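What follows is the residue order along each chain.
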Amino acid sequence: MAASSNAEQTQLQDMEEEDAGMEEREMESDDEEEEGMGVENSDDEEDDSSEDEKENEAEIQRLEEQLSINAFDYNCHVDLIKLLKQEGELFRLRKARQKMSELFPLTEEIWLDWLKDEIRLTEEESNREKVYELFERAVKDYICPDIWLEYAQYSIGGMGSPGGIDKVRSIFERAVTAVGLHMTKGQTVWEAYREFENAILSTVQPPPGRIPSREEQELLNTQLERIHTLFRRQLAVPLMDMEATYAEYEEWSECGVSESVVHLYKKALQQMEKCKPFEESLLAAEPPKLAEYQTYIDFELKEGDPARVQITFERTLAENCLVPDMWAKYTTYLDRQLKIKDLVLSTHERAVRNCPWTMGLWKSYVLALERHGADHQTVSDVFEKALNAGFIQATDYVEIWQAYLDYLRRRVDFSKESSKELEELRGAFSRSLDYMKQDVEERFGESGDPSCIIMQIWARIEALHCKNMQKARELWDNIMTKGNAKYANMWLEYYNLERSYGDPVHCRKALHRAVQCTSDYPEHVSEVLLTFERVEGTLEDWDLAVQKTETRLNRINEQRAKVAEKEAAMARQEEERADQRRKAKSDKKAQKKAQKGTRAGEKRKAEQDDYHDEWNEDSEQAPKRHRGNGDQTTEEYMETETGLFGRTAPPGFKPAPPGAKKAQQGATATAQKQKDDKPELRNDNSSVFISNLAYTLEEPEAKLRTLFETCGPIKQIRPVFSNKGSFKGYCYVQFESPASVPEALKLDRREVESRPMFVSPCVDKNKNPDFKVFKYNTSMEKQKIFISGLPFSCTKEQLEELCKSHGTIKDVRLVTYRSGKPKGLAYVEFSDEAQASQAVLKMDGMEIEGNKISVAISNPPRRNMMDKPGSSRPTTEMMPRQVYGSRGRGRTQLSLLPRSLHRQSGSVSKVENGTAAEQVPSTASAAANAAGETKPLSNSDFARMLLSK
């Protein structure tokens with residue numbers, strides 16, 4: 001056996017020398033090519049290259065200076081490595097890579113570049129161990145098949161050394177264990193392993209014609225069994241294109257394929273077919289493919305194969321290494337399912353290296369270290385690293401301190417009066433308070449622990465385990481001096497501590513102080529005090545308690561009355577100011593209307609004097625053209641320019657064909673006439689107003705009847721149509737009983753043909769001008785949060801799923817446009833203020849589908865009471881609507897010019913529907929153009945036109 005092993009190594013050394021000679025020849029040919037190219041370079045190119053080198057060197061120095069200031073600038077590290085590689089500064093490049101790898105895990109591309117450079121630089125055998133160490137570091141950052149393959153191939157170059165073949169096999173075994181289950185890339189590792197074993201087989205086979213010895217035959221049989229085993233192991237793993245591997249095994253095996261192997265192969269093939277859709281979706285998706293990977297992980301978790309779950313997580317994290325939630329999900333799975341110490345702790349370490357800013361990962365790491373029995377120094381070192389990780393909010397530091405203090409408390413044996421662990425625990429509590437007061441407050445402006453949770457835990461430990469109530473009382477005195485004395489729950493917590501581990505004297509003292517200091521719930525504290533005295537107090541104690549509670553409650557009620565009176569006065573002042581604004585607005589409207597009516601009358605008089613004969617004929621035909629169907633061009637032009645009643649059609653409005661339009665007009669006119677014949681009995685108390693419906697809604701009465709009949713018996717539905725018979729997008733629904741109205745109002749914002757339908761009470765604004773349609777609160781709502789920056793694809797269910805981990809959700813509302821399209825805004829209402837505040841702290845700045853969201857307590861800006869609810873335009877920009885007669889717009893106000901020939905003679909003003917209205921040219925010009933005159937107008941003509949107005 002020893003002789004045959006030496007023969008193997010000798011032949012493999014010859015193979016290595018041949019490979020080395022080929023590499024040298026390739027390098028020499030590359031050098032010759034580079035020299036030949038260098039001869040052809042001109043002097044100008046050399047000057048340009050020297051200038052580029054100077055610029056690159058300056059940029060390198062700038063990046064190095066920036067890293068000396070902030071060593072955690074990831075992009076700066078990457079840019080520096082690229083420049084140094086471009087310049088060929090190999091030793092500086094090695095140093096830069098080393099620094100970056102100490103702070104961050106490197107990507108697969110950076111590791112492969114580094115490894116290949118080190119392999120080229122390390123030619124001596126003595127330096128191979130350094131490359132091996134580098135490979136070991138590389139495979140720990142991420143599970144990458146390409147790095148493992150490179151590692152195994154590099155180890156083949158050193159198999160001529162003692163124990164080299166065994167080392168190569170060991171690396172290949174680790175590779176197939178780590179990445180052999182990779183559905184798409186695992187096959188390359190298996191094939192490389194088999195090629196290596198086939199190469200070994202070729203060295204142990206005897207020459208043709210010679211009968212091998214017994215030792216040689218045993219060695220040959222052992223090697224053949226290794227290859228058989230590799231085939232069987234690979235065929236039992238679901239991999240892409242595994243059919244080709246099975247065919248190769250059938251061809252290679254002289255004894256055929258056993259039934260057990262066929263059974264395992266078919267089982268793996270079925271598993272591969274199940275996974276194939278997920279692999280195809282990953283191939284079609286764009287990076288980082290997080291949603292597709294998440295679906296894949298969920299599938300593997302249901303299947304329940306730990307090895308496949310692990311490799312799927314590793315593949316996900318290789319492309320999404322900066323997603324803390326994915327690391328948290330992976331580490332939680334390992335903690336609860338696999339519980340393998342080396343795997344669990346290494347994964348936790350990789351998680352905090354990738355996402356050091358995430359407190360939850362550090363907290364899980366500390367717990368995992370304790371769970372697997374790590375020594376105290378290791379846990380303390382990890383905790384110190386966590387404190388320097390740079391968390392994004394003050395509360396994170398409170399939680400990591402709590403986790404570490406819990407760990408220290410579990411180390412203490414409280415049966416002993418004093419111990420080293422107990423002193424260390426007390427020292428850690430003191431240090432945590434100093435850290436919160438100095439470091440955290442200096443950075444965030446707050447300690448992150450307003451309720452002094454850490455001090456409360458310390459006081460309870462001193463009282464419960466150490467029987468040291470004096471220390472506990474000192475701690476609670478300190479808690480109350482930090483602004484907590486006004487809260488009833490803090491006093492009751494202290495009272496419960498005294499009740500459990502103290503004495504009645506200190507309980508009474510605590511409750512008396514609570515009655516004097518509490519400002520949020522003094523009634524509750526007073527009741528607790530009286531209950532305590534009923535059970536344990538004397539008559540004198542009872543009288544004193546009653547006197548103190550009555551005095552305090554009377555003072556509190558007086559203060560509340562003053563505050564309520566002040567708020568009522570402010571509300572009255574605000575109402576008076578609103579009345580003044582409304583009055584000023586109505587006066588201004590009336591004044592503008594009067595001025596406009598005067599100007600219109602003067603203009604009509606002048607036009608009648610100048611163009612009486614010309615317009616007389618047209619005036620006679622106007623009513624017929626307006627009522628009948630003779631001149632559709634003029635009528636359609638009016639509708640296009642200004643819209644019906646000055647409003648534009650909603651998005652999605654499509655005009656019907658002429659034939660259908662005429663039929664619709666006839667049917668609508670008939671229906672309208674029938675309705676006009678019957679007296680309409682309106683009752684606003686039992687009616688609702690429906691708006692924001694699509695203009696293209698077919699049979700609105702029938703559809704709305706189906707929708708609202710669940711609210712109660714319907715008396716009538718009155719859809720509103722234009723003069724031409726087209727639906728105007730709103731209607732009235734009248735019920736038999738006013739009791740049906742509240743049920744109907746619950747259908748507000750219900751989608752009807754992809755548009756939100758608005759349902760509001762039917763109120764006459766002339767009788768109730770102060771009626772407010774806007775139904776949402778306009779003041780601060782502390783239990784509700786406002787979220788902006790949401791992706792438009794976010795649904796109500798997704799948002800509810802995201803927020804429910806922070807508290808009990810009462811309502812979720814996505815804000816949309818009138819067309820139903822989302823604005824990327826939402827309101828989420830929690831059950832109380834504390835949950836809403838916690839949600840703001842946790843969710844602000846979070847990324848959802850690549851969008852960074854902003855989260856704050858809901859505090860809408862005060863709405864202007866002068867404006868119409870829902871309108872964002874100032875009053876001064878709104879033009880008073882023109883009031884027309886029963887025949888519509890007058891002929892003298894209609895331009896017969898095509899729009900392309902209009903000239904803007906004045907400033908453009910905004911009309912109510914938001915479009916710009918151009919000033920109409922003079923009637924003389926219109927008439928001339930209508931008559932076919934093409935003579936250009938002179939300056940005098942324009943002057944006469946202006947004077948005639």
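Residues numbered from 1 in each chain as written. Predicted model: local features only at pLDDT ≥ 70, side-chain atom pairs only at ≥ 80, totals over all residues. Heavy atoms only, no water.

**Student:** Which residues make up the overall build of the protein, and what values go with them?
**Tutor:** Assigned secondary structure in the protein consists of 35 helices and 13 strands. Across the 949 residues of the protein, 36% fall into the buried class. Pairs at least 24 apart in sequence give 62% of the contacts found in the protein among residues at least 6 apart. Just so you have it, the protein exposes about 56,300 Å², and 50% of that area is on carbon and sulfur atoms. (Helix = DSSP H or I, 4+ residues; strand = E, 2+ residues; numbered from the N terminus. Buried < 20%, exposed > 50% of the residue type's maximum accessible area, 1.4 Å probe, protein only. Contact = heavy atoms within 4.5 Å. Areas by Shrake-Rupley, 256 points an atom, 1.4 Å probe, with all protein chains shown as cover.)

**Student:** Outline the packing of aromatic side chains, listing residues and values.
**Tutor:** Under the defined criterion, the tally for this structure stands at 31 aromatic pairs. Look at Phe 313 and Tyr 330: their rings are 4.8 Å apart centre to centre, the planes differ by 20°, and that puts the pair in the stacked class. Placement of the pair is Phe 313 in helix 14 (residues 306–319) and Tyr 330 in helix 15 (residues 324–338), with a sequence separation of 17 residues. The pair formed by Phe 313 and Tyr 330 is uniform in burial state, with each residue classed as buried. Judged by centre distance (6.4 Å) and plane angle (65°), the rings of Trp 401 and Tyr 404 are edge-to-face. Within this pair, Trp 401 and its partner Tyr 404 are both found in helix 19 (residues 394–411), separated by three residues, close to a single helical turn. Neither Trp 401 nor Tyr 404 differs from the other in exposure class; each is buried. Ring pairing ties together the aromatic residues Phe 383, Phe 391, Tyr 397, Trp 401, Tyr 404, Tyr 407, Tyr 435 and Phe 444, which thus form one cluster. (Phe/Tyr/Trp six-rings, centres within 6.5 Å; stacked < 30°, edge-to-face > 60°.)

**Student:** How would you summarise a negative patch on the surface if you had to cite specific residues and measurements?
**Tutor:** A cluster of acidic side chains, namely Glu 51, Asp 52, Glu 53 and Glu 55, defines a negative patch on the protein surface. Along the polypeptide, Glu 51 turns up in helix 2 (residues 43–69). (Patch = residues over 30% accessible without salt bridge, like charges linked within 9 Å, V, L, I, M, F, W, Y side chains within 5 Å. Salt bridge = Lys/Arg side-chain N within 4 Å of Asp/Glu carboxyl O. Lys, Arg positive; Asp, Glu negative; His and termini not counted. Charge placed at Lys NZ, Arg CZ, Asp CG, Glu CD.)

**Student:** Just give me the short version of helix 33 (residues 833–843), but keep the residues and values in it.
**Tutor:** Every buried residue of helix 33 is accounted for by Gln 835, Ala 836, Ala 839, Val 840 and Met 843. End-on view of helix 33: buried residues confined to an arc of 140°, all on one side of the axis. Packed against the buried residues of helix 33 are strand 6 (781–788), helix 32 (796–803), strand 8 (822–830) and strand 11 (854–858). The backbone nitrogen of Ala 834 lies 3.3 Å from a side-chain oxygen of the residue at the head of helix 33, namely Asp 832. Looking at the residues trailing helix 33, positive phi occurs at Gly 845, about 90°. (Arc of directions from axis to C-beta. Polar contact = N/O pair within 3.5 Å; in protein donor to acceptor, adjacent residues only side chain to side chain.)

**Student:** Mind laying out unusual backbone geometry, listing which residues take part and the relevant values?
**Tutor:** With an omega of 5°, the peptide bond between Pro 287 and Pro 288 qualifies as cis. In this fold, Pro 288 is placed in the loop between helix 12 (259–284) and helix 13 (290–303). Even without being glycine, Arg 749 reaches a positive phi, approximately 75°. The exposure class assigned to Arg 749 is partly exposed, which follows from its relative accessible area of 40%.

**Student:** Give me the sheet that holds strand 5 (residues 755–761): which residues, what numbers.
**Tutor:** Ordered in space as 2-3-1-5-4, the five strands form an open sheet in which the pairing is antiparallel. The open sheet has two edge strands with one neighbour each: strand 2 (714–721) and strand 4 (750–752). Strand-to-strand twist in this sheet, taken as the mean axis angle between neighbours without regard to direction, amounts to 30°. Looking at chain direction, strand 2 and strand 3 (residues 727–735) are connected through six bridges and run antiparallel. Considered in strand 3, the bridge of Gln 716 is made with Gln 734. Packing against the sheet, helix 30 (residues 700–708) makes contact with strand 1 (687–691), strand 2, strand 3, strand 4 and strand 5, and its axis sits at approximately 140° to strand 2. (Pairing = 2+ DSSP bridges. Axes fitted to C-alpha atoms, helices over the stretch in contact; angles between N-to-C directions.)

**Student:** Can you break down the pairing of strand 5 residue by residue, with the values?
**Tutor:** Within strand 5, six of the seven residues are buried, leaving the element largely enclosed by the surrounding structure. Two elements, strand 1 and strand 5, share four bridges in a ladder whose sense is antiparallel. Bridging across to strand 5, Ser 691 finds its partner in Phe 758. Examined bridge by bridge, strand 4 and strand 5 share three bridges and lie antiparallel to one another. Note that in strand 5 the partner of Arg 750 across the bridge is Met 757. The loop that links strand 4 with its antiparallel partner strand 5 comprises two residues; one of these, Glu 753, has a positive phi angle of about 55°.

**Student:** Give me the lowdown on the pattern of salt bridges, citing residues and values where you can.
**Tutor:** All told, the structure shown has 47 salt bridges when counted by the stated rule. Here Arg 92 and Glu 57 are joined by a salt bridge, their closest N and O atoms 3.5 Å apart. Residue Arg 92 is located in helix 4 (residues 90–103), and its partner Glu 57 is located in helix 2; the two are separated by 35 residues in the primary sequence. The shortest N-O distance in the salt bridge between Arg 92 and Glu 64 comes to 3.2 Å. Linking Arg 92 in helix 4 with Glu 64 in helix 2, this pair joins segments that are 28 residues apart in sequence. Using a relative accessible area of 27% as the deciding quantity, one classes Arg 92 as partly exposed. The network of salt bridges with common partners includes Lys 85, Arg 97, Asp 117 and Arg 120.

**Student:** Lay out the environment of Asp 477 in plain terms, naming residues and giving numbers.
**Tutor:** With respect to the helices and strands, the residue Asp 477 is situated in helix 22 (residues 469–484). Within the local environment of Asp 477, its side chain forms a polar contact with the side chain of Arg 513, the two groups lying 3.5 Å apart.

**Student:** Hey, could you go over empty space enclosed by the protein for me, with residue numbers and the actual values?
**Tutor:** A complete count under the given rule lists three cavities of 30 Å³ or more for this structure. Considering only enclosed or pocket space, the second largest cavity measures out at about 60 Å³ in volume. If you trace the second largest cavity, you find it lined by Leu 790, Pro 791, Phe 792, Cys 794, Leu 814, Val 815, Pro 822, Lys 823, Gly 824 and Leu 825. Of all the elements in the fold, those that place two or more residues in the lining of the second largest cavity are strand 7 (809–816) and strand 8. Looking at the lining of the second largest cavity, the element that brings in the most residues is strand 8, giving four residues. Here the lining of the second largest cavity is composed, by residue class, of eight nonpolar, one polar and one charged. (1 Å grid on protein atoms, 1.4 Å probe; cavity = no way out; pocket = protein on both sides within 12 Å on 5 of 7 lines; lining within 4 Å. Points joined across faces, edges and corners; volume = space filled by probe spheres on them. Nonpolar A, V, L, I, M, F, W, Y, C, P; charged D, E, K, R; others polar.)

**Student:** Would you mind going over the confidence of the model for the protein in detail, with residue names and values included?
**Tutor:** When pLDDT is averaged along the protein, the result is 80; 75% of the residues meet or exceed 70. Low pLDDT, under 50, characterises residues 900–934; the stretch is placed with 45 contacts to residues that sit more than four places away or in other chains. (pLDDT = per-residue confidence, 0-100.)

**Student:** Describe the packing of helix 16 (residues 341–354) against helix 17 (residues 359–371), naming the residues involved and giving the relevant values.
**Tutor:** Each pair of packed helices gets described by two things: the angle between the helix axes and the distance between those axes. Orientation of helix 16 relative to helix 17, taken along the N-to-C sense of each, is 160°, at an axis distance of 9 Å. It follows that helix 16 is roughly antiparallel to helix 17 by the angle criterion. Pair helix 16 / helix 17 crosses with left-handed handedness. Here helix 16 contributes Val 344, Leu 345, His 348, Glu 349, Ala 351 and Val 352 to the contact with helix 17, which in turn contributes Leu 361, Trp 362, Ser 364, Tyr 365, Ala 368 and Leu 369. Classifying every residue of the contact of helix 16 with helix 17 gives nine nonpolar, two polar and one charged. (Parallel < 35°, antiparallel > 145°, perpendicular 65-115°, else oblique. Left-handed = near helix turned anticlockwise from the far one by under 90°.)

**Student:** I'd like a description of helix 6 (residues 128–141), backed by residues and values.
**Tutor:** Across its 14 residues, helix 6 extends 21 Å between first and last C-alpha, which sits within 8% of the 20 Å expected from 1.5 Å per residue. Inspection of helix 6 places Arg 128, Val 131, Tyr 132, Leu 134, Phe 135, Ala 138, Val 139 and Asp 141 among the buried residues, and these make up the whole buried set. On the buried face of helix 6, the contacting elements are helix 5 (108–121), helix 7 (145–156), helix 8 (164–179) and helix 16. (Expected span 1.5 Å × (residues − 1).)

**Student:** Please set out the environment of Leu 369 residue by residue, giving values where relevant.
**Tutor:** Mapped onto the fold, Leu 369 is located in helix 17. In this structure Leu 369 comes out as buried when scored by relative accessible area, which is 3%. As for Leu 369 and Leu 345, which are separated by 24 residues in sequence, their C-alpha atoms are 7.0 Å apart. Residues within four places of Leu 369 in sequence aside, it is in contact with Leu 345, Ala 374, Thr 378, Val 379 and Val 382.

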